[in-house]
Amino acid sequence: MSLGTAGETQRILEALGSIQTLENVSRGWPHQQTALPCAVVTLAGERRADERDGAEYLTETEYYVRCFARTGAETDALAPEIRRKMEEMGYRREFVWEESGEKVFQRAERYKKIS
């Protein structure tokens, strides 16, 4: 069974916060003054993956980890570090997409864990 959304989110924030090249890790969308590169962690979904006798035995939890940087090369360099931290916590990367803006490049990865 999961730790609960708030506890698990905090655990992810702390793990990603240990990546030295990330300037900021948070749950909120970056503002113009936010130092880059930064990571934003948001809950994508949580559902019962297994239930027996009315009790939840397994929970499927998904998180988005969005990395914002000035260039795609910066996000490419951070991606393996973010992935390693998420895998250490039992998450598997499910999906990745990228989007570039005028001043900021974004790489979003969705991770899933069943616990």
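Structure's up top.
So, here is what we can say about the structure in this document. (Residues numbered from 1 in each chain as written. Predicted model: local features only at pLDDT ≥ 70, side-chain atom pairs only at ≥ 80, totals over all residues. Heavy atoms only, no water.)

Further remarks concern the nonpolar core. Residues I12, L16, I82, M86 and Y91 are the most contacted members of the largest nonpolar core, which totals 17 residues. For this core, the secondary-structure elements that each account for two or more residues are α1 (5-17), β2 (38-52), β3 (55-69) and α2 (72-88). The element contributing the most residues to this core is α1, with four residues. Excluding residues that lie within four positions of it along the chain, I12 makes contacts with V41, Y63, M86, M89 and Y91. (Core = buried A, V, L, I, M, F, W, Y, C linked by side-chain atoms within 4.5 Å. Buried < 20%, exposed > 50% of the residue type's maximum accessible area, 1.4 Å probe, protein only. Helix = DSSP H or I, 4+ residues; strand = E, 2+ residues; numbered from the N terminus. Contact = heavy atoms within 4.5 Å.)

Looking at the secondary structure, you find E62 in strand β3. Overall, E62 belongs to the buried group, its relative accessible area being 17%. Separated by 32 residues in the primary sequence, E62 and E94 have C-alpha atoms spaced 9.1 Å apart.

Turning our attention to the pattern of salt bridges. Taken as a whole, this structure holds 15 salt bridges when the rule is applied. Ionic pairing is found between R107 and D76, a salt bridge with its closest N-O pair at 3.9 Å. With R107 in strand β5 (residues 105-114) and D76 in helix α2, the pair connects residues that are 31 residues apart, well separated along the chain. The class for R107 is buried, based on a relative accessible area of 14%. E88 serves as the salt-bridge partner of R84, at 3.1 Å between the closest nitrogen and oxygen. (Salt bridge = Lys/Arg side-chain N within 4 Å of Asp/Glu carboxyl O.)

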